[in-house]
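Here is how the chains run, residue by residue.
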Amino acid sequence: MLTAVFVGGTSGIGRAIAQSFARHTKGNSNIIIVGRNKSAADELISSFPKPPLDSPKVLHEFVPCDVSLISNVHKTTSELSQNLQQIDYLVLSSGVFIFTSRNETSEGIDDKMALSYYSRWTFIHDLMPLLRKSDQGAKVYSILASGANAPIDRDNMDLKKEHTLSKMLAALTTYTNVAFQKFARDEPNMSFNHAFPGFVRSPMLIPSKWYWRIPYYLVFPVFSFMSVTPEVAGDIHFKALLEAPAGFNSYDPKGRPMQYTPADDETVELVCNHTIEMTERFREQ
Ligand SMILES: NC(=O)c1ccc[n+]([C@@H]2O[C@H](COP(=O)([O-])OP(=O)(O)OC[C@H]3O[C@@H](n4cnc5c(N)ncnc54)[C@H](OP(=O)(O)O)[C@@H]3O)[C@@H](O)[C@H]2O)c1
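We now turn to the structure provided with this report. Since this is a predicted model, take the numbers as computed values, not measurements.

Here is what the cut-offs are and how they apply
Residues numbered from 1 in each chain as written. Predicted model: local features only at pLDDT ≥ 70, side-chain atom pairs only at ≥ 80, totals over all residues. Heavy atoms only, no water. Core = buried A, V, L, I, M, F, W, Y, C linked by side-chain atoms within 4.5 Å. Buried < 20%, exposed > 50% of the residue type's maximum accessible area, 1.4 Å probe, protein only. Helix = DSSP H or I, 4+ residues; strand = E, 2+ residues; numbered from the N terminus. Contact = heavy atoms within 4.5 Å. Pairing = 2+ DSSP bridges. Right-handed = clockwise from strand over helix to strand, strands pointing away. Near = heavy atom within 4 Å. Polar contact = N/O pair within 3.5 Å; in protein donor to acceptor, adjacent residues only side chain to side chain. Areas by Shrake-Rupley, 256 points an atom, 1.4 Å probe, with all protein chains shown as cover. Nonpolar A, V, L, I, M, F, W, Y, C, P; charged D, E, K, R; others polar. Axes fitted to C-alpha atoms, helices over the stretch in contact; angles between N-to-C directions. Salt bridge = Lys/Arg side-chain N within 4 Å of Asp/Glu carboxyl O. Parallel < 35°, antiparallel > 145°, perpendicular 65-115°, else oblique.

## Thoughts on the nonpolar core
No. 1: Counting 53 residues, the largest nonpolar core has Val5, Val34, Leu90, Phe123, Ile124, Leu131 and Phe192 as the members making the most contacts within it.
No. 2: Elements with a contribution of two residues or more to this core: strand E1 (3–7), strand E2 (30–35), helix H3 (70–83), strand E4 (89–92), helix H4 (111–132), helix H5 (165–186) and helix H8 (265–280).
No. 3: Per-element accounting of this core gives the leading share, 12 residues, to H4.
No. 4: Ignoring any residue separated from it by four or fewer positions in sequence, one finds Ile124 in contact with Leu90, Leu92, Leu131, Val140, Phe180, Phe183 and Phe192.
No. 5: In terms of nonpolar packing, the next biggest core, distinct from the first, is built from 26 residues, Ala41, Phe62, Tyr89 and Ala233 among them.

## Regarding the pairing of strand E6 (residues 191–195)
No. 1: In terms of burial, E6 is largely enclosed, as five of its five residues are buried.
No. 2: Bridge count for strand E5 (residues 139–143) against E6 is five bridges, and the pairing is parallel. Along E6, the bridge assignment pairs Ser142 with His194.
No. 3: Chirality of the crossover, the property in question, places the unit of E5, H5 and E6 among those that are right-handed.

## Topic: the site of the ligand
No. 1: In the region of the ligand, 29 residues are neighbours, and Thr10, Ser11, Arg36, Asn37 and Ser202 sit closest.
No. 2: Taking Ile13, its main chain carries an N or O atom lying 2.8 Å from an oxygen atom of the ligand.
No. 3: Val67 places a main-chain nitrogen or oxygen 2.9 Å from a nitrogen atom of the ligand.
No. 4: Here the ligand has 890 Å² of accessible area as a free molecule, and 91% of this is covered by the chains.
No. 5: Among the secondary structure elements, those contributing two or more residues to the shell around the ligand are helix H1 (12–24) and H4.
No. 6: Among the residues forming the shell around the ligand, the class breakdown is 14 nonpolar, 12 polar and three charged.

## Here's the deal with the sheet that holds E5
No. 1: An order of E3-E2-E1-E4-E5-E6-E7 is seen for the seven strands of this open sheet, with the pairing classed as parallel. Strands at the two margins of the open sheet, each flanked by one partner only, are strand E3 (60–64) and strand E7 (247–251). The mean inter-strand angle of the sheet, taken between neighbouring strand axes irrespective of direction, is 15 degrees.
No. 2: Set on the sheet, H4 makes contact with E1, E2, E4, E5 and E6; between it and E4 the angle comes to about 175 degrees.
No. 3: Contacts from helix H7 (residues 230–243) reach E4, E5, E6 and E7, with the element oriented near 150 degrees to E5.

## Looking at the pattern of salt bridges
No. 1: Evaluation of the coordinates by the stated rule reveals 17 salt bridges.
No. 2: Taking the shortest distance from any N to any O, the salt bridge between Glu104 and Lys160 comes out at 3.4 Å. Placement of the pair is Glu104 in the loop between E4 and H4 and Lys160 in the loop between E5 and H5, with a sequence separation of 56 residues.
No. 3: Close ionic contact of Arg132 with Glu187 constitutes a salt bridge, the shortest N to O distance being 2.8 Å. Remark: Glu187 occurs in the loop between H5 and E6 and Arg132 occurs in helix H4; sequence separation between them is 55 residues.
No. 4: On the basis of relative accessible area, Glu187 is assigned to the buried category, the value being 12%.

## Some details on the environment of Gly9
No. 1: Looking at where Gly9 falls in the secondary structure, it is placed in the loop between E1 and H1.
No. 2: Along the primary structure Gly9 and Asn37 are separated by 28 residues, whereas in three dimensions their C-alpha atoms are 9.7 Å apart.
No. 3: In this structure Gly9 touches Gly14, Arg15, Ile33, Val34 and Leu44, once residues within four positions along its chain are discounted.

## Some thoughts on the packing of H4 against H5
No. 1: At a closest axis distance of 10 Å, the pairing of H4 and H5 adopts a crossing angle of 10 degrees. The orientation of H4 relative to H5 falls into the category roughly parallel. Of the residues in H5, those touching H4 at Lys112, Met113, Ser116, Tyr117, Tyr118, Trp121, Ile124, His125 and Met128 are Met168, Ala171, Leu172, Tyr175, Thr176, Ala179, Phe180 and Phe183.

Here's what the structure looks like:
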């Protein structure tokens, strides 16, 4: 039986992909939703089709985890490794509104970088033994900001010295591409995918402060013309996920493959060593 894990599956694009997956498998698959919002996860899980009574027992489960802390991610991956037999699909879409200034977690990492990159690396890295057990070649899909690689600021890789929006977007895009390029090289049967969803009218883009909601609803007619619903984005990226070949693939908002120029070996080593240093120190011995 197929097993899929959705980190960030309680809302928006991740939630919509989880729903597409549940419909596609008619509920006859193990589906694990990782996030913080239990009521949203319960509501999502209750919407999944129920498998026939005579089918083997399926696991439709919420696993609570604040993934902005890498120590939490290590604990969650350790629990998943004890409870699951294999993982066939790992979809990563946790994130918060990106256009805000640096905000360090108690581990000293910017929360946006932790959610969008370092935690996702940790899920893939720690769950690799389960991904290797997939009969069909496991597929990993990260919803973020695919595109061309930018030059790497070697002395400021965690952006502690200087953190600007453009530096962060360049780092998140490049680190994800390069890390996925490396994972794909090491695991030739698996598929590692990085997608940019474009403008999606998910809860992330609705301002939390009431005074920002007024301009939001004023520009909404234009915004809705330029954007898609999470359900539309979910269908697009679920199809891309299903059809993704082995290797590293990059996708645009319509789920079309994008050209990618691979990084050189030195850059791959630089990014991977930096990421291991940033994430392994939070593993409990
Ligand atoms: N929407 C867009 O237009 C757009 C454009 C470009 C890129 N993206 C990227 O696409 C991805 C998905 O965005 P979306 O639009 O689907 O956003 P969304 O609807 O706000 O969903 C974000 C998800 O992240 C999870 N999350 C946030 N903080 C978390 C934490 N500390 N611990 C665990 N989970 C956490 C949330 O779960 P809980 O609330 O349960 O914690 C939620 O499931 C993000 O990486 C975003 O940057 C989106």
